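# Notes for the structure review
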Amino acid sequence: MTSAGMRVRLAWGAIAAQVLFTLGWLILGVTEGYGYSAISDDISDLSSLTAHAAGVFLVVCGVSGALTIAFAIWALRPALAISGRRTPISAWLVAASLPALDSLSDAFFRLDCRAADAGCTASVASASWHGTVHVIAGTVAGLATIAAPFALSYRMRRLEDWRDLARPALVFGGVVVVGVLAYGALQASGGGGWTQRLLAVTVCSGILVLAVRVLRLARVASVPAA
């Protein structure tokens, strides 16, 4: 079982990770240039082989993804544990979500080109083995992101310290589903960039809420009983 002090550090790490990732795509999306548009192009294009500031974004993705995974496994998972019951799958889904698994995988498995590059279609961008893995990891992470709020809500209802977040988690899950559908519907028409960014902010906000709650619970647990 992770100590309360370690859970505090991991929660702060998760908070820093969401801020780092958001600032990363926000700043680099503006400065990338060379035809790249934050309105229509995906965040993942910033880490592609042809991106002009890919090195910086690879570090951003690797660090933020690793910190989020560490938080989910070693801080959120024990915080959601119930004595005598199996390990909460909800924490593992968070570890496999877009801000976690997908961000980390983007640092290693890169697309071959940006959509803004001449002749770069979806099939061309994922033609290499690492481009294919990039797409697979993104799909797995997307499914985990959709499922995580509903699994979290189910678990939260059974824990006094989390029960107040159970219903909001269900609403949050609905918002995520709508965001994913909107991204899929608008991607072909050139609106995928901004819908993906709204979805990214939404999902990262969800991680922040979980981290703040874990932080509070860990601090309470670290106070010696009178």
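Our subject is the structure that appears above.
Keep in mind that this is a model prediction, so the values were computed, not measured.

The next subject is the overall build of the protein chain. Regarding its fold elements, the protein chain presents eight helices and zero strands. For 226 residues, the compact-globule formula gives about 17 Å, and the C-alpha radius of gyration of the protein chain, at 18 Å, lands near that figure. Taking the principal axes of the C-alpha coordinates as reference, the protein chain spans close to 65 × 30 × 30 Å. Here the protein chain, with 226 residues, has 50% of them falling under the buried criterion. Restricting to contacts in the protein chain with at least 6 residues of sequence separation, those with at least 24 account for 72%. Accessible surface for the protein chain amounts to roughly 10800 Å². Of this, 70% is attributable to carbon and sulfur atoms.

Looking now at helix α7 (residues 166-187). Taking 1.5 Å as the rise per residue, α7 with 22 residues should run 32 Å; its terminal C-alpha atoms sit 32 Å apart, in good agreement. Every buried residue belonging to α7 is among A166, A169, G173, V176, G179 and Y183, and all of these are buried. Along the axis of α7, the buried residues cluster in a sector spanning 125°; they form a single face. Along α7, exposed side chains directed more than 90 degrees from the buried face belong to R167, V171, V178, L181 and A185.

What the rule picks out here adds up to one disulfide. At a sulfur-sulfur separation of 1.9 Å, the disulfide partner of C113 is C120. With the S-S bond torsion at 85°, the cross-link from C113 to C120 turns out right-handed. Side by side, C113 and C120 carry an identical accessibility label, which is buried. Here C204 is not disulfide-linked; the sulfur of C61 is the nearest cysteine sulfur, at 11 Å.

To continue, consider unusual backbone geometry. For Y34, which is not glycine, the phi dihedral falls at a positive 55°. Mapped onto the fold, Y34 is located in the loop between α1 (4-31) and α2 (54-79). Y34 gets classed as exposed once you look at its relative accessible area, which sits at 61%.

To continue, consider the nonpolar core. By size, the foremost hydrophobic cluster in this structure holds 37 residues, and its most contacted members are F71, L76, V94, M156, W162, L210 and V214. Mapped by element, the contributors of at least two residues to this core are α1, α2, α3 (89-95), α6 (129-156), α7 and α8 (192-222). One finds F21, Y36, F57 and V60 within the second-largest nonpolar core, a separate group that totals twelve residues.

On to the packing of α6 against α7. Helix-helix packing is described using two parameters, namely the angle between the two axes and the distance between the axes. In contact at an axis separation of 8 Å, α6 and α7 are set at 170° when each is read in the N-to-C sense. By the angle between their directions, the pair α6 and α7 is classed as roughly antiparallel. Contacts from T145, I146, P149, F150, S153 and M156 of α6 reach α7 at A166, A169, L170, F172, G173, G174, V176, V177 and V180. Here the contact of α6 with α7 is composed, by residue class, of eleven nonpolar, four polar and no charged.

About the thresholds
- Residues numbered from 1 in each chain as written.
- Predicted model: local features only at pLDDT ≥ 70, side-chain atom pairs only at ≥ 80, totals over all residues.
- Heavy atoms only, no water.
- Helix = DSSP H or I, 4+ residues; strand = E, 2+ residues; numbered from the N terminus.
- Rg over C-alpha atoms; globule rule 2.2 N^0.38 Å.
- Buried < 20%, exposed > 50% of the residue type's maximum accessible area, 1.4 Å probe, protein only.
- Contact = heavy atoms within 4.5 Å.
- Areas by Shrake-Rupley, 256 points an atom, 1.4 Å probe, with all protein chains shown as cover.
- Expected span 1.5 Å × (residues − 1).
- Arc of directions from axis to C-beta.
- Disulfide = S-S within 2.5 Å.
- Core = buried A, V, L, I, M, F, W, Y, C linked by side-chain atoms within 4.5 Å.
- Axes fitted to C-alpha atoms, helices over the stretch in contact; angles between N-to-C directions.
- Parallel < 35°, antiparallel > 145°, perpendicular 65-115°, else oblique.
- Nonpolar A, V, L, I, M, F, W, Y, C, P; charged D, E, K, R; others polar.

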